[in-house]
Amino acid sequence: MHTHKLVTQSPFGAAQGMKTGLRVFLMFLMGAGLMCATALAAPPAGAKASDASAKAAQATFVGADTCATCHEEVSKGFASNPHTKMSMMHGNANGVTCENCHGAGSDHVAGGGDVTKIFDPAKASAKDVDARCLTCHAGTHPDFQRSPHAKANVSCISCHSIHQSKEDALLKAPQPTLCFQCHNDTKPQFDMAFHHPVNEGVVKCSDCHDVHGTFQANNLKMTVDQNMICTKCHTDVRGPFVYEHAPVRAETCLACHSPHGSQNARMLNMPNINVLCNQCHSAVGAGAIHGQGEGSSDSVPCTSCHTYIHGSNLSVAFLR
């Protein structure tokens, strides 16, 4: 009599077989992926030769002395140019004066002065010129790209003479002559009876404006307190005060004053001070508070009593 035993497959063994097959399949996929990646990364046939030829054709520095053999009129007196400091910073190395801005000049020289083999700012776009200058000056002028000048394609060389100038910062002309070449709408304001002494050379445009760009309108310089642009000179109204005139703090000095020029001796936005005050204090202008009668405020200046209109340490009404 034979006893037959039921033969079954162990579930554990089946799981082991499945895991082994899965590992083999995953290893196959990884191998195929690596082969594809290697194929994609491999340079095409002949690429090494082309890369080598490109490097061989790449221009190299020739030095400022070589540039001077043809550009003597430019190199003459260049030792006093601020850009010459770059040469001293780099141990008088070649390529840190002329070629620092114009690019390596070996191809230019080999081509007998071929102008297509060198960077010429005079023939380049404003954007390319600015990019070349900002490779060194970006830290000093980080906001230039957002400035109205940059947006209007006014490049660095529109205002600066890179090779030589008798003016500060290599300007092409002194202030305000340089600024008035474009801002001729502002020039007449400095001819008014009362104006900041810009034409007289006492105040410069750059004392109040940062021409290389700010976050303020009209390229006004930025300070923690915007009134500091004015109060750095007008220290008598600087404060701080116990009682502040709200417009001075909220709208700055420009709320009442026209900084370039005015018909008013205090350079107010309006010739008559009472008209200016009544823009906010209309009830006072009608005589409702002072009780002096209709129109009396036109004959008596507000500042006859409210002397400390910028701020006071004694009176909330800014009385003397």
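Named according to an unreviewed UniProt entry, the protein chain is Cytochrome c family protein originating from Candidatus Sulfuritelmatomonas gaucii.

Asker: Got a minute to help me understand the pattern of salt bridges in this structure?
Answerer: Two side chains of opposite charge can pair, provided their charged atoms sit close to one another. Counted under the stated rule, the structure contains three salt bridges. Among the salt bridges present, the one from Arg-146 reaches Asp-143, with a minimum N-O distance of 2.2 Å. Residue classification places Asp-143 among the buried residues on the basis of a relative accessible area of 17%. One salt bridge connects Glu-244 with Arg-249, and the closest N-O pair in it is separated by 2.9 Å. The network of salt bridges with shared partners includes Asp-225, Glu-244 and Arg-249.

Asker: How should a nonpolar patch on the surface be read in this particular structure?
Answerer: There is a patch of nonpolar side chains on the surface, built from Val-242, Tyr-243 and Val-316 and spanning about 290 Å² of accessible area. Tracing the backbone through its elements, the reader meets Val-242 in the loop between helix H12 (228–231) and strand S2 (243–244).

Asker: When you look at unusual backbone geometry in this model, what are you seeing that I'm missing?
Answerer: Excluding glycine, residues mostly have negative phi values, and the peptide bonds linking residues are mostly trans. Following Gln-175, the chain continues into Pro-176 via a peptide bond in cis, with omega recorded as 0°. Among the structural elements, Pro-176 can be located in the loop between helix H10 (156–159) and helix H11 (177–180). Cis peptide bonds are those with omega within 30 degrees of zero, and the linkage from Gly-239 to Pro-240 qualifies with 5°. Here Pro-240 lies in the loop between H12 and S2. Despite not being glycine, Met-267 shows a phi value in the positive range, around 55°. Position of Met-267 relative to the elements: it lies in the loop between strand S3 (261–262) and helix H14 (273–277). The exposure class assigned to Met-267 is buried, which follows from its relative accessible area of 13%.

Thresholds, definitions, all that
- Residues numbered from 1 in each chain as written.
- Predicted model: local features only at pLDDT ≥ 70, side-chain atom pairs only at ≥ 80, totals over all residues.
- Heavy atoms only, no water.
- Salt bridge = Lys/Arg side-chain N within 4 Å of Asp/Glu carboxyl O.
- Buried < 20%, exposed > 50% of the residue type's maximum accessible area, 1.4 Å probe, protein only.
- Patch = residues over 30% accessible without salt bridge, like charges linked within 9 Å, V, L, I, M, F, W, Y side chains within 5 Å.
- Areas by Shrake-Rupley, 256 points an atom, 1.4 Å probe, with all protein chains shown as cover.
- Helix = DSSP H or I, 4+ residues; strand = E, 2+ residues; numbered from the N terminus.

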